[in-house]
Amino acid sequence: MIYNQCIDYIIGNNLLTVSQAGFREGHSTGACLANFLNEIYEEVDNGGTCGVLFLDLAKAFDTVDHLILVDKLKLLGFKASAQSWFSSYLDNRSQSTKFGNSISANKSISCGVLQGSILGPFLFLCYINDLPQGLKHTQGFLYADDTALLVRGKDPMELELNLNAELTSVARWFDANKLSMNTSKTKLMHFRHTHNIRSNRDLNVMINGELIESVSQFKYLGVTLDTHLSLDSHIDKVCGKVNSRTGLLRRVRNFVSKDLATHLYKSLVDPHFWYCNYIHSGCSLTNRRKLQIAQNNSLRAIAQVDNLYPTEALHIDLEIDWLDVTVDKTLCIEMFKNVHGLNPIRNYQKVNWLSHDRALRSNTHAELAIRRTNTKLGDQNMFCRGPRAWLHLPEEIRKLETLSGLRTAVKKHDGFPHTR
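Report follows, based on the coordinates. What you see is a predicted model, and the numbers here were worked out from it, not measured in a lab.

Reading guide: rules and limits
Residues numbered from 1 in each chain as written. Predicted model: local features only at pLDDT ≥ 70, side-chain atom pairs only at ≥ 80, totals over all residues. Heavy atoms only, no water. Helix = DSSP H or I, 4+ residues; strand = E, 2+ residues; numbered from the N terminus. Rg over C-alpha atoms; globule rule 2.2 N^0.38 Å. Contact = heavy atoms within 4.5 Å. Lys, Arg positive; Asp, Glu negative; His and termini not counted. Charge placed at Lys NZ, Arg CZ, Asp CG, Glu CD. Core = buried A, V, L, I, M, F, W, Y, C linked by side-chain atoms within 4.5 Å. Buried < 20%, exposed > 50% of the residue type's maximum accessible area, 1.4 Å probe, protein only. Salt bridge = Lys/Arg side-chain N within 4 Å of Asp/Glu carboxyl O. Pairing = 2+ DSSP bridges. Disulfide = S-S within 2.5 Å. Phe/Tyr/Trp six-rings, centres within 6.5 Å; stacked < 30°, edge-to-face > 60°. Lys NZ or Arg CZ within 6 Å of the ring centre and 35° of its normal.

### Concerning the overall build of the protein
Across its full length, the protein holds 18 helices and 13 strands. For 420 residues, the compact-globule estimate of 2.2 N^0.38 gives 22 Å, and the protein sits close to it at 24 Å. Principal-axis analysis of the C-alpha atoms places the extent of the protein at approximately 65 × 60 × 50 Å. Sequence separation of 24 or more characterises 70% of the internal contacts of the protein that already satisfy a separation of 6 or more. Taken together, the 48 basic and 42 acidic charged side chains of the protein have centroids lying 3 Å from each other.

### Some thoughts on the nonpolar core
Counting residues in hydrophobic clusters, the biggest one holds 51 residues, and the most contacted among them are Phe 36, Ile 40, Tyr 220 and Trp 390. Secondary-structure elements contributing two or more residues to this core are α2 (29-45), β1 (49-55), β7 (146-153), β8 (187-191), β13 (223-226), α12 (323-339), α16 (382-390) and α18 (403-412). For Tyr 220, the residues in contact, after removing those within four places along its chain, are Cys 32, Leu 33, Phe 36, Phe 54, Phe 141, Ala 148 and Leu 225. Grouped together as the second largest cluster of nonpolar side chains are 46 residues, Ile 10, Leu 159, Leu 188 and Ile 212 included.

### Notes on the pattern of salt bridges
One pass over the full model with this rule turns up 13 salt bridges. Close ionic contact of Glu 39 with Arg 152 constitutes a salt bridge, the shortest N to O distance being 2.6 Å. Note that Glu 39 is positioned in helix α2 and Arg 152 in strand β7, a separation of 113 residues in sequence. With a relative accessible area of 10%, Glu 39 lands in the buried category. Arg 152 sits in the partly exposed class, given a relative accessible area of 30%. Notably, a salt bridge pairs Asp 236 with Lys 290, separated by 3.1 Å at the nearest N-O pair. Of the two residues, Asp 236 is situated in helix α7 (residues 232-253) and Lys 290 in helix α10 (residues 285-303); the sequence distance between them amounts to 54 residues. Taking the relative accessible area as the measure of exposure, Asp 236 reaches 41% and is therefore partly exposed. Through salt bridges with shared partners, a single ionic network connects Glu 39, Glu 42, Glu 43, Arg 152 and Arg 371.

### Quick word on the pairing of β7
The element β7 is largely enclosed, with a buried count of six among its eight residues. Judged from the seven bridges that link them, β1 and β7 form a sheet pairing that is antiparallel. By the bridge assignment for β7, Leu 53 is matched with Leu 149. Sheet topology places strand β6 (residues 139-143) next to β7; five bridges connect them, and they run antiparallel. From the neighbouring strand, Leu 142 faces β7, where its bridge partner is Thr 147.

### Some points on the state of the cysteines
Under the counting rule described, the total for this entry stands at zero disulfides. Left unpaired, Cys 6 is separated from the closest cysteine sulfur, that of Cys 126, by 7.6 Å. The buried category is assigned to Cys 6, whose relative accessible area is 8%. A disulfide-free cysteine, Cys 239 has its sulfur positioned 9.4 Å from the sulfur of Cys 283, the nearest such atom. On the accessibility criterion, Cys 239 (9% relative accessible area) is buried.

### What about unusual backbone geometry?
For Asn 92, which is not a glycine, the phi torsion comes out positive at approximately 60°. Structurally, Asn 92 can be placed in the loop between α4 (80-90) and β2 (93-95). Asn 92 gets classed as exposed once you look at its relative accessible area, which sits at 83%. Unlike most non-glycine residues, Asn 208 shows phi in positive territory, near 55°. Here Asn 208 lies in the loop between β9 (206-207) and β10 (210-211).

### Points about the packing of aromatic side chains
In total, this model carries 14 aromatic pairs according to the counting rule given. Ring geometry for Trp 173 versus Phe 174: centroids 5.6 Å apart, planes at 70°, classification edge-to-face. Residues Trp 173 and Phe 174 agree in their burial class; the two are buried. Three or more aromatic residues link up through ring pairs in this structure, and these residues are Tyr 9, Phe 78, Trp 85, Phe 86 and Tyr 89. Sitting above the plane of the Tyr 127 ring, Lys 72 keeps its charged end 5.3 Å from the centroid. Here Arg 93 stacks its cationic end above the ring of Tyr 89, 4.9 Å away from the centre of that ring.

Shown next, in the form of structure tokens:
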């Protein structure tokens, strides 16, 4: 009850920073990643580069200072009675540790929010909410305590100066709020096009005399990114996970029916293809074929057929879409959510109807404006690919006004192309 009242107040008055995507309705990791990568794709497509700091906070939820938290609630407009309630909720708590049959003495808890509680994540969002307000040189992307600082530009030296200045400023904010940054786990990446020879070097960023490690790959929100955005490593990892579960399907197939094996596929294998699939929708043809081969092998295990069995018939028999078709359907749903304001504000500002006047949508067949890009890398951006996938929908589907209606219609639509 308290959470519902508080979140309605915070969201209703737009008090949460748009940089925060964690623990918020309609703010998925995919939407956060799409917005993050859009900034990189745009800059690299225009000949620039991006420097990104991935910050690691040490035990962030466990080091929240109670007095500072209550002060922040006051600044957010919580009345004195509500502040007093939260102080009572947080204070006079204790914890003990059990090892085997032994239990330690109780130890009082002087800081931290209760993990596993419904109010814990909400209070942490309030605590870290003002971090992006102090950013001068970078854009902040927060998913709970996962924090990325991104700076765009064509001059690597300028990127270094801005990142160094920002990191020093953010470190001061952490100290003032009694949070600590794990320098050894904080990483730096320099995103650029493979042909950008002028910027083909790592960046040097330091904090307190310690050099931040520059890496060529980093796993961010479940997707392994690389400096050239090829997504090769991510695709290889997805295929590896899928192949291991395909082996499991083969082993159990003799003991279960085809229907049950199909259900196992949809619960054990399909989620690896589905997770953020529109993020890597524009990857190279080689990588898309790797994914498709991995799916085909899983389907052969279900149907118990050899490699000579036609893949087209395999997908028809099992009523399972090709991966390219699945991606296009997901893109269409995401585009609908963007233009109808169902995704985070940063995302739906990037997609528009071809006509800005909704009254004229009937004249434009509900088409989405398509971005122009300069490179193939720029085409990987989901905000470029999405409007193109949207065009594969018939006019009557594009004009639907409800998300549930569109989902149903898109699921049944079979007009999307695929790579065999």
